[in-house]
Amino acid sequence: MALITPSKSCINLLWFTSQSFRTRHIAREQFPKMLENFEDHFPALDVFICTADPYREPPGNVANTVLSVLTYDYPTEKLSIYVSDDGGSELTMFALAEAARFGVHWLPFCRENGVVERCPDAYFSSDNYAENSQLHKIKLMYENMITRINNVVERGKVNEEYISNEDEQEAYSKYSSDGFTPHHHPSTIQAGSDSVRLFMRPRQKSNTSPHHFKAGALNVLLRVSGIMTNGPIILTLDCDMYSNDPSTPKLALCYFLDQSLWPNLAFVQTPQRFHGHNWADIYASEFKALAHANPMGMDGLCGPNYMGTGCFFKRRAFFGGPSSFEQQGMIQDLVVNKPIEAQTILEQAHQMASVNYENQTNWGFKMGFRYGSLVEDIYTGYQLHCEGWKSIFCNPKRPAFLGHVPLSLNEVLIQMKRWAVGLLEVALSKNSPITFGMGHLGPIMAQCYIHYTFWPIHSLPITIYALLPQLTLLSGVPIFPKISSPWSLLHIFLFLGAYMQDYCLNFASTSQGSLRRWWSDQRMWIIRGLSSFPVGIIEYLMKRMGIVTQKFNVTSKVVDHDQVTRYNRGIIEFGVASPMFVPLVTTSMINLMALVKALVSYYKGENFDGLFLNTLIACFGVVNCLPIYEAMVLRVDKGRMPTKITIISTFLALCLYIICLFLVGHM
Ligand SMILES: O=c1ccn([C@@H]2O[C@H](COP(=O)(O)OP(=O)(O)O[C@H]3O[C@H](CO)[C@@H](O)[C@H](O)[C@H]3O)[C@@H](O)[C@H]2O)c(=O)[nH]1
Ligand SMILES: [Mn+2]
């Protein structure tokens, strides 16, 4: 009982706060045709793309992402692309130089042929094009580019034969100079070619100063772009998120150019969508509630949260609330009228990308993307909302951007753990939505943020319900009402009701495999609740106590052929001996033991009226764990459960069982 009550309180809190997403649902539609005659009035658009590790984020993909936005249907002279490379890698720089070269041909090709799919990789792998000589030529060019990039990545450095002039030689030599490492390097900025404005900027980093991960990278881009092109509209993108529709900026402009919205509008968020997830979406990467239903609910309040990518911002929003004028100067005085290559501009930009530039300033606190959380996106959006800004959810039928889904369970769990730490950093900060948020946002909007930032506490009820009914079943102690009592019906009703509500609200409308996707989603909730969230909570506490410093583990976007095959067949990838799997396997063993015990007593004709609900939960647990048993016993492929994890977990399950018997014996 002492454990059940706090679990129920967590469920109640999370259920109650989730209702705020359902109070004012809004679905919007955009009419970009209305803007057709206003192209001259379009504001300049600066696109920020972040990458951090050439071995986890393949430079070939970064090149594709860049090309997909470079070819936006937007006045070319008003579009600039800034790439931040936190990996400080010549490989990424090479890929971008190649992309810029190829872009000169790709852009006119797309425009002349009315190509909508402007990410070359997606276009050429779609088979949705007519073969002709022009296409043949551009395809060959693309394949050459990718081969060159892959060669360079394989060798780990830029081959001499790929360097065509002294300027390039000089640029690449910076990467091999003494003292240059991904963590400690000076900032290098390359101006773009005439027709394509592409800038690459690995900021200066040092081993001794914090660099604030992605938020830090974006702030440097915010300043550097401010001095080079100063576009009033900014689009932030992760390097694995390519544009899937060239008209997207115009969709965002439908809101930014609306005089009634403009004064308070900080950002227009498109939902995170993914390409290549399998039919059953085994890792629940689609995030039905998080990326679709909830933002529509928030849209009727202050607007959706910022999701880190696929988001158009008003530059002004990073410099104080909608009614504050303190920082106006920074944006309005800066009319960029010098050529971008001008020495003074480049020097200033270098200075702005230096390690010490932000010392003793408001950057990251009152200005720019906000520091202090590993989920800089939620935190930044939240702070902007608290300042009085609004946001809009733009969810066009054709997905605006498509991202890469993680292909192994371990990657997903590490990502979720990072999110858990980041969310708790917001939930328990001095700007917590419970206190600060309530005051600034009002109760309903604040509740949305409370719900998100307290996400990791799902782990308490999930862990308790995944273990307690089963352990008590094993030791023969009833904790729920007897099945003959009407109260048991209430338990069953609540259980079924919660699941049916989730299915109806988030999955029923999915055209393909909705039931299967819902099943994967609910299983991933249990998996996250047993592994990533509790580990995240522990890491957060250790960080608070100063025992560990948090790293940003970049999610891998590398595609392994075998992994993809298994993923496409809906087989969960374990493969590595990750400690994160231990609680999962331990729980699966306990559920199985409990169910076997219940079946044996049933077979023997023992009365277990009082244990019926326990048995039902254990049965549900076992069905959820089927892929785990399979991975432990039946599979022989590389993605099977490592034997080490199975042994450790079985041992732990037995220990838990013995402890439980011992406690019951002493009750
Ligand atoms: O020190 C760093 C670490 C990461 N990144 C970039 O940040 C992006 C997101 O990193 P990823 O490993 O893909 O994290 P995810 O958890 O998949 O990303 C989600 O969660 C992040 C944190 O909440 C958001 O920033 C992202 O937009 C959102 O897609 C990538 O483009 C990275 O290159 C940096 O630029 N610098
Ligand atoms: Mn990502």
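Residues numbered from 1 in each chain as written. Chains lettered and ligands numbered in written order. Predicted model: local features only at pLDDT ≥ 70, side-chain atom pairs only at ≥ 80, totals over all residues. Heavy atoms only, no water.

Asks: Sorry, what's going on with the overall build of the chain here?
Replies: Within the chain, the regular secondary structure consists of 23 helices and 10 strands. Per-residue burial for the chain yields a buried fraction of 55% across its 667 residues. Within the chain, counting contacts between residues at least 6 apart in sequence, those at least 24 apart form 81% of the total. Summed over all atoms, the accessible surface of the chain reaches about 29,400 Å², with 61% contributed by carbon and sulfur. Where the 54 positive side-chain charges of the chain centre and where its 55 negative ones centre are 8 Å apart. (Helix = DSSP H or I, 4+ residues; strand = E, 2+ residues; numbered from the N terminus. Buried < 20%, exposed > 50% of the residue type's maximum accessible area, 1.4 Å probe, protein only. Contact = heavy atoms within 4.5 Å. Areas by Shrake-Rupley, 256 points an atom, 1.4 Å probe, with all protein chains shown as cover. Lys, Arg positive; Asp, Glu negative; His and termini not counted. Charge placed at Lys NZ, Arg CZ, Asp CG, Glu CD.)

Asks: Just checking my understanding: could you explain the confidence of the model for the chain for this structure?
Replies: It should be kept in mind that the predicted coordinates are not to be read in detail where pLDDT is low. When the pLDDT values of the chain are averaged, the result is 89; 93% of them are 70 or greater. The model gives residues 327–335 a pLDDT under 50, and that stretch makes 13 contacts with residues more than four places away or in other chains. (pLDDT = per-residue confidence, 0-100.)

Asks: What exactly am I supposed to notice about the site of ligand 1 here?
Replies: What surrounds ligand 1 is a group of 24 residues, the closest being Asp86, Glu376, Gln415, Thr555 and Lys557. The contact in question runs from an oxygen atom of ligand 1 to an N or O atom on the side chain of Glu57, over 2.8 Å. Between an oxygen atom of ligand 1 and a side-chain N or O atom of Glu376, the distance comes to 2.5 Å. Of all elements in the fold, only strand S1 (45–51), helix H7 (213–228), helix H12 (376–386) and helix H13 (409–427) reach the threshold of two or more residues within the shell around ligand 1. Here the shell around ligand 1 takes 3 residues from H13, the largest share from any one element. (Near = heavy atom within 4 Å. Polar contact = N/O pair within 3.5 Å; in protein donor to acceptor, adjacent residues only side chain to side chain.)

Asks: Where do I start with helix H18 (residues 514–530) in this structure?
Replies: Owing to its 3.6 residues per turn, the α-helix aligns residues three or four sequence positions apart on the same side. Compared with the 24 Å implied by 1.5 Å per residue over 17 residues, the 25 Å span of H18 between its first and last C-alpha is a close match. Most of H18 is tucked away: 12 of the 17 residues are buried. Those residues of H18 not exposed but buried are Ser514, Arg517, Trp518, Ser520, Asp521, Gln522, Arg523, Met524, Ile527, Arg528, Gly529 and Leu530. On its buried side, H18 packs onto H13, helix H16 (459–474), helix H17 (486–507), helix H19 (532–544), helix H21 (582–603) and helix H22 (612–634). (Expected span 1.5 Å × (residues − 1).)

Asks: What is the right way to look at the domain arrangement of the chain in this model?
Replies: One widely used convention gives an interface's size as the accessible area the parts lose upon coming together. When the domains of the chain are assigned, the result is domain 1 (37–246 + 325–359) and domain 2 (458–665). With 8 residues of domain 1 at the contact, the number on the domain 2 side is 8 residues. In this assembly, domain 1 packs against domain 2 so that about 720 Å² is buried in total across both faces, 65% of it on carbon and sulfur atoms. Connecting domain 1 to domain 2 are 1 salt bridge. Summed over the shared surface of domain 1 and domain 2, the result is 3 residue pairs in polar contact (both at pLDDT 80 or more). (Domains from an automatic or database assignment. Buried area = accessible area lost by both parts, 1.4 Å probe. Salt bridge = Lys/Arg side-chain N within 4 Å of Asp/Glu carboxyl O.)

Asks: Quick question: what am I supposed to make of the environment of Trp487 here?
Replies: Along the polypeptide, Trp487 turns up in helix H17. The sequence separation of Trp487 and Tyr371 amounts to 116 residues, and the corresponding C-alpha distance is 49 Å.

Asks: Got a minute to help me understand H16 in this structure?
Replies: Here H16 spans 22 Å end to end across 16 residues, near enough to the 22 Å set by a 1.5 Å rise per residue. At Tyr465, H16 shows its largest bend, some 25°, and a proline, Pro469, comes one to four positions later. By the criterion of burial, H16 is predominantly enclosed, with 13 of the 16 residues buried. (Bend = angle between axes of the 7 residues up to and from the residue.)

Asks: Looking at this structure, I do not really get the packing of aromatic side chains. What am I missing?
Replies: Note on aromatic pairs: each is described by the distance of the centres and the angle between the planes. Within the structure shown, the criterion is met by 36 aromatic pairs. Aromatic pair Phe318 and Phe369: ring centres 4.5 Å apart, planes at 35°, arrangement tilted. Highlighted residues: Phe318 in the loop between strand S8 (311–314) and helix H10 (328–332) and Phe369 in the loop between helix H11 (343–352) and H12, separated in sequence by 51 residues. The ring of Trp525 carries the charged tip of Arg528 above its face, separated from the ring centre by 4.5 Å. (Phe/Tyr/Trp six-rings, centres within 6.5 Å; stacked < 30°, edge-to-face > 60°. Lys NZ or Arg CZ within 6 Å of the ring centre and 35° of its normal.)

Asks: In this structure, what is going on with the UniProt feature "binding site: UDP-alpha-D-glucose" (unreviewed entry) in the chain? I would like to understand it.
Replies: Mapped onto this numbering, the UniProt entry gives "binding site: UDP-alpha-D-glucose" (unreviewed entry) at Glu57 and Asp86. Taken along the chain, the residues just named run across 30 residues; in space they keep tight, none of their C-alpha pairs more than 11.2 Å apart. Tracing the backbone through its elements, the reader meets Glu57 in the loop between S1 and helix H2 (59–70). Not counting the four nearest positions on each side in its chain, Glu57 is found in contact with Thr51, Ala52, Val62, Cys239, Val554 and Lys557. Considering the arrangement of structural elements, one finds Asp86 in the loop between strand S2 (79–85) and helix H3 (90–113). Here Asp86 falls in the buried class, since its relative accessible area comes to 9%. (UniProt positions renumbered as here; feature names shortened; annotations may be inferred.)

Asks: Whenever I open this one, the sheet that holds strand S5 (residues 242–243) confuses me. Can you help?
Replies: Pairing between the strands of a sheet comes from backbone hydrogen bonds, and it takes one of two forms, parallel or antiparallel. Strand order across the open sheet formed by 3 strands is S5-S10-S7, with mixed pairing between neighbours. Each having just a single partner strand, S5 and strand S7 (274–275) make up the two edges of the open sheet. (Pairing = 2+ DSSP bridges.)

Asks: How should unusual backbone geometry be read in this particular structure?
Replies: Glycine aside, negative phi is the norm for most residues, and most peptide bonds take the trans geometry. The phi angle at Phe213 is positive, at roughly 50°, despite the residue not being glycine. Following the sequence through the fold, Phe213 ends up in helix H7. You will see that Asn230, though not glycine, has its phi angle at about 55°, which is positive. Along the chain, Asn230 falls in the loop between H7 and strand S4 (233–238).

Asks: Explain the pattern of salt bridges to me, please; I cannot follow it from the model alone.
Replies: Oppositely charged side chains are able to pair whenever their charged atoms sit close together. Under the defined criterion, the tally for this structure stands at 20 salt bridges. In this structure, Lys557 and Glu57 form a salt bridge, with 2.6 Å as the shortest nitrogen-oxygen distance. Taken together, the residues span a long stretch of sequence, with Lys557 in the loop between H19 and helix H20 (561–568) and Glu57 in the loop between S1 and H2 at a distance of 500 residues. By relative accessible area, Lys557 is classed as buried at 11%. Look at Glu57 and you get buried, because its relative accessible area is 6%. Residue Arg517 pairs with Glu286 through a salt bridge whose shortest N-O separation is 3.0 Å.

Asks: Just checking my understanding: could you explain the UniProt feature "binding site: Mn(2+)" (unreviewed entry) in the chain for this structure?
Replies: As annotated by UniProt and renumbered to match this structure, "binding site: Mn(2+)" (unreviewed entry) occupies Lys214 and Asp238. Their sequence span is 25 residues, while the largest C-alpha to C-alpha distance among them is just 9.7 Å; these annotated residues converge on one region. Locating Lys214 in the fold gives a position in helix H7. Non-local contacts of Lys214, meaning those with residues more than four positions away in its chain, are made with Cys50, Asp238, Gly308 and Glu376. Structurally, Asp238 is set in strand S4. Judged by relative accessible area, which is 23%, Asp238 ranks as partly exposed. For Asp238, the contacting residues outside a window of four places in its chain are Ile49, Cys50, Thr65, Lys214, Gly308 and Thr309. Engagement of the side chain of Asp238 in a polar contact is seen with the side chain of Lys214, the distance being 2.8 Å.

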